[in-house]
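Architecture and fold: a report
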Amino acid sequence: MKKILLFCLLVLFSCDFKNDTLPNVIVILVDDLGYGDLGFTGSNEISTPNIDSLAENGVIFTDGYVSYAVCSPSRAGLITGRYQDTFGYGLNALYTPKDPNMGLPLSEFTIADLFKTKNYKTLAVGKWHLGAHESLRPLNRGFDEFFGFLTGGHQYFPEQWNLADETEVKCNFCAYRTKLLRNEERIDENEYLTDALSRETVSFIDKSFKSPFFIYLAYNAPHGPLQASEKYLNRFPNIKDKRRKTYAAMVSSIDDGVGQIISILKKNEIYDNTIIYFLSDNGGAKSNASNNAPLKSHKGTLYEGGIRIPFVMQWPNEIKSGTIFKKPIISLDIFATSKAIINPDLKLNNEIHGQNLLPYIKGNNGGYPHEHLYWRNNGHQPYIENGVRARYITHAVRSKNYKMFIRRGDSMLFDLYSDIGEKNNIIEKNRPLFNELVKKSVEWNKTLMDPIFLGLRDDELYNKLNPDRYIY
Ligand code: CA
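Residues numbered from 1 in each chain as written. Predicted model: local features only at pLDDT ≥ 70, side-chain atom pairs only at ≥ 80, totals over all residues. Heavy atoms only, no water.

As for the overall build of the protein
For the protein, the helix and strand inventory stands at 13 helices and 18 strands. What you see for the protein is a C-alpha radius of gyration of 22 Å, in line with the 23 Å of a compact globule of 472 residues. Dimensions of the protein along its principal axes, counting C-alpha atoms only, are 90 × 55 × 50 Å. In the protein, which comprises 472 residues, the proportion classed as buried is 59%. In the protein, 70% of the contacts between residues at least 6 apart in sequence involve partners at least 24 apart. Averaging the coordinates of the 56 positive side-chain charges in the protein and doing the same for the 54 negative ones gives two points 3 Å apart. (Helix = DSSP H or I, 4+ residues; strand = E, 2+ residues; numbered from the N terminus. Rg over C-alpha atoms; globule rule 2.2 N^0.38 Å. Buried < 20%, exposed > 50% of the residue type's maximum accessible area, 1.4 Å probe, protein only. Contact = heavy atoms within 4.5 Å. Lys, Arg positive; Asp, Glu negative; His and termini not counted. Charge placed at Lys NZ, Arg CZ, Asp CG, Glu CD.)

And the structure:
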């Protein structure tokens, strides 16, 4: 009997008890959402009670940013916790399943790899857009399971998914019509895309809730094409503009998904120990009927409308509801915060650029998580100058309430606390500060690489250089 007792004690003390209390983590990343298009960011047109509940029950980051103004590089930053230009991820990836160099380099350690160091179950759902080559797909990047698609976007209705797989894709955007993937298999699906992504997330939670899990839920809504089902369109009889109405319906379908996720967490009694992040990968697009008010401009630019996004974090066990955090933070902080919570001693080969936000949110640290945040926009549209193909490269730095921005020969400085809409360039009165921020930007740029692959706007050039792109 004594021996048995001793054995039990030994087993008990050798167990990693922490594992029993490690939180689940869900990152809900939406696509091209307008800053002003949620209840909690001021919309009186689109009702989003479930997303609003995340904001009310956790912390709202009023000055939350992403690290790039378009989809693919922004995701590369979030998923590695690193400024993506550090490893040459400076452009929006093309859909090139035969190209192992188009996407997130294998030298990068992902947030899913991080969770695997503590045996989390990991799931990626929805839009991937970090490389379509088989070596770059989710199951090779730390995820146990995947349900979704590899492209930068997708058609929303199953009847449009009429390409069996990549061998039938003959143009970049044609890939929006491929059948969905479950892990590595193409499958038949019957539901409206956003509903299918929500359903798969809920089902994973319901089967995995007994051990810690990490879910990267990347809804492609409300990214174009603007397509919504009647169920959601019917909620907006007062919006007459058809595109705006469809966009609103798409946002509403995400909100339903968030509601289903909250319900299944509560049903399984894991709601309080689950961290949920909600954010958009970049600002509202010019083309998707989004509303970025009160921010200036849209997706693709380094004005606030391109990079400042609705950003909330909920963790009932640890974060006081109704918290508002006004200092600048960035999507890269999700990686650093996760690491600090689940595996602070882990040594990483790559330097991460985010900060653990918890001490700041809880008020244990009254400082700024980041003295400076940096952006470099490698140019969306190539142009020809003196016969040479080049890009418009723009630079921005955020420091406390100030933002330095250099764009196409314009030098700008804004005080975002008094001028969120970036209307008043105050550079003339603040040259020394502007110069200091330019100097910081120049230093930071020395740590970056030029883009290592061609981007969406280089589709034609890529086809010329790779004539066998669509040949299988
Ligand atoms: Ca996007």
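A short note on the state of the cysteines
Summed over all chains, the structure comprises 1 disulfide. Through a disulfide, cysteine 171 is tied to cysteine 174; the S-S separation comes to 2.0 Å. Classification of the bridge connecting cysteine 171 and cysteine 174 rests on its S-S torsion, roughly 95°, and on that basis the disulfide is right-handed. Its relative accessible area of 16% is what places cysteine 174 among the buried residues. (Disulfide = S-S within 2.5 Å.)

Concerning the sheet that holds strand 16 (residues 394-399)
Backbone-to-backbone hydrogen bonds join strands into a sheet, with any given pair of strands oriented parallel or antiparallel. The 4 strands are arranged 13-16-17-18 in an open sheet whose pairing can be described as antiparallel. Either end of the sheet is taken by a strand with one partner, and the two such strands are strand 13 (373-377) and strand 18 (410-415). In this sheet, adjacent strand axes meet at a mean angle of 10° when their direction is disregarded. Strand direction decides the pairing type here: strand 13 and strand 16, joined by 5 bridges, are antiparallel. Its bridge partner being in strand 16, leucine 373 is matched across the sheet by arginine 398. Sitting on the sheet, helix 12 (residues 431-445) touches strand 13, strand 16, strand 17 (402-407) and strand 18, and the angle it makes with strand 17 is about 65°. (Pairing = 2+ DSSP bridges. Axes fitted to C-alpha atoms, helices over the stretch in contact; angles between N-to-C directions.)

Looking at the coordination of the calcium ion
For the calcium ion, the full set of protein donor atoms is Asp31 (OD), Asp32 (OD), Cys71 (SG), Asp281 (OD), Asp281 (OD) and Asn282 (OD1), at a range of 2.2 to 2.6 Å. The site at the calcium ion holds 6 donor atoms, and with the angles between them running 53 to 158°, its shape is irregular. In primary-sequence terms, the residues that donate to the calcium ion follow D-D-x38-C-x209-D-N. Of the two residues, aspartate 32 is situated in the loop between strand 1 (24-30) and helix 3 (49-56) and asparagine 282 in the loop between strand 9 (274-280) and helix 9 (304-307); the sequence distance between them amounts to 250 residues. Of the two residues, aspartate 32 and asparagine 282, both sit in the buried class. (Donors = N, O, S within 2.8 Å, 3.2 Å for Na, K, Ca; no water. Tetrahedral: all angles 85-135°; square planar, octahedral: opposite > 155°, others 65-115°.)

Keep in mind that these numbers describe shape and distance, not what the molecule does.
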